[in-house]
Amino acid sequence: MSTALVTGASAGIGLAFARELAARGHDLVLVARDEARLQALAHELGDLHGVHCEVLVADLADRAAMQRVADRAGDRDAPVDLLVNNAGFGLRSSFLRGDIADEEQAVEVMIRAVMVVSQAAARAMVERGHGAIVVVSSVASYVSMGTYSAVKAWARVFTEGLATELAGTGVTATALCPGFTHTEFHDRAQLRMGALPEALWLDADQLVRDCLADVARGRVVSVPGRQYQAIVGALAVVPRGVVRRVTGLLAEQRRTRRARSTGDD
């Protein structure tokens, strides 16, 4: 029986990872800020699947708390075999209109924490000769919709570089690049997505199963859903100037609709 550490495990894609991994018999280290939700999840998964669930309450924007997660990921005496770097959040405002503190928090949680925790886990995994790291990026990493796209592009390229460095060690790294997924993510970011066609939505549970299948195959980039595989393939050949213009217009339209619906300036 192996152990998986999942950040952002209390909701969304992280919760789907936790439930799927527990169903497969993995012990878990559950990481998030909400202790009550983590404890409830730990009891639920333990009762359902007979797995051991360790709760680690941490705000990854806090460097001391983040370091505790890194120390756990790299613990040689209680090894972590699979690391899922999932913690993250959406940014409600554009870069110029938003609070710079929110931008800095995004960098701390979705860049710095991923980098530090991944290094700790990877070093321990390489010593043992096996293990896997998943970094949740996004299809947004292929477009240019502000800071979120930039952060997720960093996550994808970082993971590709890590996978290259890990080649031949028995340890793999996979960047998961989902599109729009039915979770709490958009509600928490106060993003109104009612106009999006249902065909563009992914199911979180299926997304996780697809990702884990790609991890087992040793794939470096996992793009769940044929619709998003087609989109990513098209974006690879469309001139970047066109990508910037189109995604910029879409982002502005979404912000305008949100401002009208909420009364924001």
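Treat the numbers as computed from the prediction; the structure is a model and nothing was measured. (Residues numbered from 1 in each chain as written. Predicted model: local features only at pLDDT ≥ 70, side-chain atom pairs only at ≥ 80, totals over all residues. Heavy atoms only, no water.)

Draft legend 1. Focus on the environment of L82. Position of L82 relative to the elements: it lies in strand 4 (residues 82–85). Between the C-alpha atoms of L82 and G131, which are 49 residues apart in sequence, the distance is 5.8 Å. L82 has contacts with T3, A4, L5, L21, M125, A132, V134 and L212, leaving out every residue within four places of it along the chain. (Helix = DSSP H or I, 4+ residues; strand = E, 2+ residues; numbered from the N terminus. Contact = heavy atoms within 4.5 Å.)

Draft legend 2. The environment of V246, seen in detail. Mapped onto the elements, V246 comes out in helix 9 (residues 240–262). Residue V246 is classed as partly exposed on the basis of its relative accessible area, which comes to 42%. (Buried < 20%, exposed > 50% of the residue type's maximum accessible area, 1.4 Å probe, protein only.)

Draft legend 3. Fine view of the nonpolar core. One finds F17, L28 and L30 to be the most contacted residues of the largest nonpolar core, which totals 78 residues. Looking at this core, the element that brings in the most residues is helix 4 (residues 100–128), giving 11 residues. Excluding residues within four positions of it along the chain, L28 makes contact with A4, A18, L21, A22, L45, H52, C53 and E54. (Core = buried A, V, L, I, M, F, W, Y, C linked by side-chain atoms within 4.5 Å.)

Draft legend 4. Structural context of the pattern of salt bridges. Applying the stated criterion across every chain, the model contains nine salt bridges. The salt bridge involving E108 is made with R63; its shortest N-O contact spans 2.8 Å. Here E108, found in helix 4, pairs with R63, found in helix 3 (residues 63–73); they are 45 residues apart in sequence, far enough to count as distant. The partner of D214 in a salt bridge is R219, with the nearest N and O atoms 3.0 Å apart. (Salt bridge = Lys/Arg side-chain N within 4 Å of Asp/Glu carboxyl O.)

Draft legend 5. Focus on the layout of surface pockets. There is about 220 Å³ of room inside the second largest pocket. In this structure, the second largest pocket is lined by M115, S118, Q119, A122, R123, V126, F158, L162, E165, L166 and T169. Elements represented by at least two residues in the lining of the second largest pocket include exactly helix 4 and helix 5 (146–166). In terms of residue count, helix 4 provides more of the lining of the second largest pocket than any other element does, six residues in total. For the lining of the second largest pocket, the class distribution of residues is six nonpolar, three polar and two charged. (1 Å grid on protein atoms, 1.4 Å probe; cavity = no way out; pocket = protein on both sides within 12 Å on 5 of 7 lines; lining within 4 Å. Points joined across faces, edges and corners; volume = space filled by probe spheres on them. Nonpolar A, V, L, I, M, F, W, Y, C, P; charged D, E, K, R; others polar.)

Draft legend 6. Region of the structure containing the side chain of D214. Relative to the elements of secondary structure, D214 occurs in helix 7 (residues 204–217). D214 gets classed as buried once you look at its relative accessible area, which sits at 7%. Residues within four places of D214 in sequence aside, it is in contact with R219, S222 and V223.

Draft legend 7. Here's a closer look at the sheet that holds strand 4. Strand order in the open sheet formed by seven strands is 3-2-1-4-5-6-7, with parallel pairing between adjacent strands. Of all strands in the sheet, those with a lone pairing partner are strand 3 (53–57) and strand 7 (221–222), marking the two edges. With three bridges connecting them, strand 1 (residues 3–7) and strand 4 associate as parallel partners. Bridge pairing in strand 4 places V6 opposite V84. Against the sheet, helix 2 (residues 35–49) contacts strand 2 (27–32) and strand 3, and its axis sits at roughly 175 degrees relative to strand 3. (Pairing = 2+ DSSP bridges. Axes fitted to C-alpha atoms, helices over the stretch in contact; angles between N-to-C directions.)

Draft legend 8. Up close: helix 7. The first and last C-alpha atoms of helix 7 sit 20 Å apart over 14 residues, in line with the 20 Å expected at 1.5 Å per residue. Among all positions in helix 7, only A204, L207, V208, C211, L212, D214 and V215 are buried. Taken down its axis, helix 7 places every buried residue within 155 degrees of arc, on the same side. Away from its buried face by more than 90 degrees, helix 7 exposes A216 and R217. For helix 7, the secondary structure elements touched by its buried residues are helix 1 (12–23), strand 4, strand 5 (131–136), strand 6 (171–176) and strand 7. Between the side-chain oxygen at the start of helix 7 and the backbone nitrogen of D205 there is a gap of 3.2 Å, and the oxygen is on D203. (Expected span 1.5 Å × (residues − 1). Arc of directions from axis to C-beta. Polar contact = N/O pair within 3.5 Å; in protein donor to acceptor, adjacent residues only side chain to side chain.)

Spatial relationships are all this shows, so hold off on functional conclusions.
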